[in-house]
Amino acid sequence: MPTTPRTPWATLLHASWRSAFDARSVADLPDELVGGLLSLPGVAATFAVGVAATDAAVAARWADRDGTAFVPATLAAELAARAAEWYPDRADGSAEATLVEVEPAELATRSPELAARLTALGVAALLVAPYRPVAGPCGLVALATVAAHPVPPDTVTALRQARDIMIAIDRQVTEQRALADRSLADAILAEASLRMGSSLEIEETLRAVVRMTVPGLADGAAVHIARGGQMELVAVAHLDARRERSLGEHLRAGRWAGAPVVQRADRSGWEDSPLPAGLPPDANLDTATISVLRARGRDVGLLTLFHRHGSARMPTHAFLRNLAGRAALAIDNAALYAQQRADVMSLQQHLLPAALPEVPGLEMATAYRVADHSLDVGGDFYGLVHEPEHTLTALMGDVCGRGAPAAALTGLARHTLETILAEGHSPERAFDILNTKMLRTGVSRFLTLTAVTLDLAAGGPEGVPIRVLSGGHPAPLILRRGGEVEQPDCSGLLVGVRPELGLKPYDGVLRPGDLILLYTDGLTEARDADGRFFEDELPATLAGLRDLPAAELAETLAAGADRYRVGDDAAVLAIRHRGAAS
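**Student:** Go over the packing of aromatic side chains with me, naming the residues and quoting the values.
**Tutor:** Taken as a whole, this structure holds three aromatic pairs when the rule is applied. Seen from their ring centres, Phe47 and Trp62 are 5.2 Å apart, and the 0 degrees between their planes marks the pair as stacked. Placement of the pair is Phe47 in strand S1 (residues 43–52) and Trp62 in strand S2 (residues 57–64), with a sequence separation of 15 residues. Neither Phe47 nor Trp62 differs from the other in exposure class; each is buried. Centre to centre, the rings of Phe534 and Tyr564 are 4.4 Å apart; their planes meet at 15 degrees, and the pair counts as stacked.

**Student:** Which residues make up the pairing of strand S16 (residues 464–471), and what values do they have?
**Tutor:** Judged by how many residues are buried, S16 sits mostly within the fold: six of eight residues are covered. Note: strand S15 (residues 447–455) against S16, five bridges, orientation antiparallel. Along S16, the bridge assignment pairs Thr453 with Arg467.

**Student:** Just give me the short version of the environment of His250, but keep the residues and values in it.
**Tutor:** Among the structural elements, His250 can be located in helix H8 (residues 241–252). For His250, a relative accessible area of 7% corresponds to the buried category. Once the C-alpha coordinates of His250 and Leu279 are considered, the two residues, 29 residues apart in sequence, prove to be 7.2 Å apart. Those residues within four positions of His250 in sequence are excluded, and the remaining contacts are Arg255, Trp256, Leu279, Pro280, Asp282 and Ala283.

**Student:** Lay out the packing of helix H3 (residues 73–86) against helix H5 (residues 112–120) in plain terms, naming residues and giving numbers.
**Tutor:** H5 packs onto H3 with a crossing angle of 100 degrees between their chain directions and a minimal axis gap of 9 Å. Classified by the interaxial angle, the pair formed by H3 and H5 is roughly perpendicular. Touching Thr74, Leu75, Glu78, Leu79 and Trp86 of H3 are Pro112, Glu113, Leu114 and Arg117, all from H5. Looking at the contact of H3 with H5 residue by residue, the classes come out as five nonpolar, one polar and three charged.

Reading guide: rules and limits
Residues numbered from 1 in each chain as written. Predicted model: local features only at pLDDT ≥ 70, side-chain atom pairs only at ≥ 80, totals over all residues. Heavy atoms only, no water. Phe/Tyr/Trp six-rings, centres within 6.5 Å; stacked < 30°, edge-to-face > 60°. Helix = DSSP H or I, 4+ residues; strand = E, 2+ residues; numbered from the N terminus. Buried < 20%, exposed > 50% of the residue type's maximum accessible area, 1.4 Å probe, protein only. Pairing = 2+ DSSP bridges. Contact = heavy atoms within 4.5 Å. Axes fitted to C-alpha atoms, helices over the stretch in contact; angles between N-to-C directions. Parallel < 35°, antiparallel > 145°, perpendicular 65-115°, else oblique. Nonpolar A, V, L, I, M, F, W, Y, C, P; charged D, E, K, R; others polar.

Note that every value here comes from positions in space, so none of it alone points to a role or purpose.
Pasting the structure below:
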């Protein structure tokens, strides 16, 4: 039966080159490359093998009289193994110009499947053009002829041209993979920086960063943070979710090669040092790269990336140093913030009463919230002055601004007021003295102030008389035992602004079962998800909490009643008359 004329190799050469520059993986071997060589005189079969060094993938395409196709995996692996043997190991680089002639008999024992294919085609000689890729094992392009030596010069030239195309494909694939890896690394660095720069919840952030690296850049990852002189594991990830827990257990128990690194005081020699992972087999991780996280001359943590044998996920040292530097700075900033935050909280507590007095018949509770992420002391304060069997005066104030000046005025105001009241003076007198003192000393800040005085001596079964004063401060709320909420009609000017405060007091009665609530504007200015202020809902919310103990009621309000975000300092003081409700 007549055969269909094949397109000449010279015509297909251009198409093969065009396909080479469109290749994105070793699987993109062009049909023209192997099929076109069959047009050469005496060629019975051709094949090409490419190996991607980054993931050890093998692609082998075969062409003979039955057509062109990829070969089975076993033959592809066999051909890839032979490629390294046929490549002459020469340091001068001349191997690229060398072609290797192989007798079919040589293949019988070493490549039985290949030998069987060639024998079936009546092949007399095999001409191989091996090449060395940019990285990784060798590749090759070969043709089998039915004629013995010598191979025609045009056939030799065509084979070398085909090898040049294979080399171009290898370089194209390598460059595309490197570009993709760089893009992925840049994306991970950008996202990691965004997360680490926008949150001070460092453990949660590091867990997210670890999960970004797996599987993009590693098969496993872990982060340790320096705490109490030791490195503590805070985040771990594994490509196989089923192995993640066991990986964490191995790391905590020290069952890995990095255990000495965690225990050492001086870890400088370990940065970016690849080493065997030393993990038990069930972790399925073979190597580890440990980067020491340093900030301001201190080791603040460790970042470890794990890889399986032959893994394509191998980040560069430059990427590791970049990520480690950003993680170290984030950890150090979070630790510094936590320490400063603790210092602020401690100072704030020293500006408030250490304990509430115990007054028969009254239940009292306070709650205090410091502004979110604030590193300055606020000006909200409260105080209680108890003259046993005579009076109890509750104070609530708010100094304008934050920081050391506000803290100084807070201490001055509370202690001045408490001293004057303890000497037996009225709240009105205390307000006036504090106002005069602030004006005389030229204090640049002002404050708002409210006071509630309970006349314990005049109390009886019907309740305790109360007087409420306000110097520019939100008036307290009175929660009656039946659920009604009242706001006393009292007013006055800001303290520390004008000589006269213009105080207008409110006189009333706190009956058994009633509760009076003092608070600062940090509570009323809290907002919900729709932007509504807590001030509008505070009376109704307070009424809904009337059955709670005073302590729980105060804490619930200071926390925004599970609906409002309290973003500024907020102080709450609740006093309940515990007499039996009739």
